[in-house]
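Overview (structure and organization)
Residue-level listing of the chains:
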Amino acid sequence: KNAEIRVPAEPYEFTFDPTRVALLCIDFQRDFVEAGGFGESLGNDVSTLRGAIAPTRKVLDCFREQDWMVIHTREGHREDLSDLFPSKRDRGNPTLRIGDIGPMGRLLTRGSKGHDIIPELYPIEGEVVLDKPGKGAFYGTDLETILRAGGITHLILTGVTTEVCVQSTAREANDRGFDCLILSDCTGSYFPEFYESALHMFKAQGGIVGWVGTSTDLLTAVD
Ligand code: C5J
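Calculation notes
Residues numbered from 1 in each chain as written. Predicted model: local features only at pLDDT ≥ 70, side-chain atom pairs only at ≥ 80, totals over all residues. Buried ≥ 20, exposed ≤ 12 C-beta atoms within 10 Å, placed from the backbone. Helix = DSSP H or I, 4+ residues; strand = E, 2+ residues; numbered from the N terminus. Pairing = 2+ DSSP bridges. Right-handed = clockwise from strand over helix to strand, strands pointing away. Near = placed C-beta within 6 Å. Nonpolar A, V, L, I, M, F, W, Y, C, P; charged D, E, K, R; others polar. Axes fitted to C-alpha atoms, helices over the stretch in contact; angles between N-to-C directions. Contact = placed C-beta atoms within 7 Å.

**Section: the pairing of strand β8 (residues 154–160)**
- For β8, the tally of buried residues reaches seven of seven residues, placing the bulk of the element in the interior.
- Of the two faces of β8, the one lined by His154, Ile156, Thr158 and Val160 and the one lined by Leu155, Leu157 and Gly159 are each fully buried.
- Here strand β3 (residues 21–26) pairs with β8 via six bridges, running parallel. Bridge pairing in β8 links leucine 24 to leucine 157.
- Pairing geometry for β8 and strand β9 (residues 179–188), over six bridges, is parallel. Residue pairing for β9: isoleucine 156 is matched across the bridge by leucine 181.
- For the crossover that starts at β8, traverses helix α6 (residues 162–175) and ends in the parallel β9, the hand is right-handed.

Next up, the structure:
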């Protein structure tokens, strides 16, 4: 059961020891993928992200079946907004700011409906749920401690959006010595050109940030 798993990927095969792998589900929150949330308040068409949900669910089911580590992240802030920099609150001079009340409650604020993870990918008992104030999942969190304590060396990344929180997290992880495989069909962006570019730049230069693969190749390799 502990034999190395080999996944066809770009720029070359991604291999991992199944006792040392974790799945990151980054910011699959209503605020980003459902109407009436933070993403839409910034003028985005949230339907562009929804294609990532079904393939991610399959990968999540696989990790659950194998009993491998699963970590869900949520971008958002404390109810008193004491961890929200004015620069982030005011950027772009939006009509609705973080902490303001939208159709799904307070935008990107912990405890609101919009801040929580979508029902399709909702965490179950035993999975880590990590609240983060920034784009990268390592900044201002205990993610690195959790991964090191669990002996994790390899990360499979899914989530939204590709060029914002997924990209920031992959870069932070790569700098900390983790090998990262991003599943292209399990991530999405409001901007098709940023999706393409982000995936290209991860894997360019011999995998300067990491590897890019697909959920089907991963699931076949695990099977
Ligand atoms: C954004 C994220 N796009 N989760 N957050 O603001 O990517």
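**A word on the site of the ligand**
- Every residue close to the ligand is listed here: Asp27, Phe32, Glu75, Lys135, Val160, Thr161, Val164 and Cys165.
- Partitioned by chemical class, the residues of the shell around the ligand number four nonpolar, one polar and three charged.

**Topic: the sheet that holds β9**
- Taken in spatial order, the six strands make up an open sheet running β7-β4-β3-β8-β9-β10, and their pairing is parallel. The sheet is open, and its two edges are formed by β7 (128–132) and β10 (211–213), each paired on a single side. The sheet shows a mean angle of 25° between the axes of neighbouring strands, direction not considered.
- Both strand β4 (residues 69–75) and β7 contribute to a ladder of five bridges, which runs parallel. For glutamate 75, the partnering residue across the bridge sits in β7 and is lysine 132.
- Docked against the sheet, α6 engages β3, β4, β8 and β9, running at close to 170° with respect to β9.

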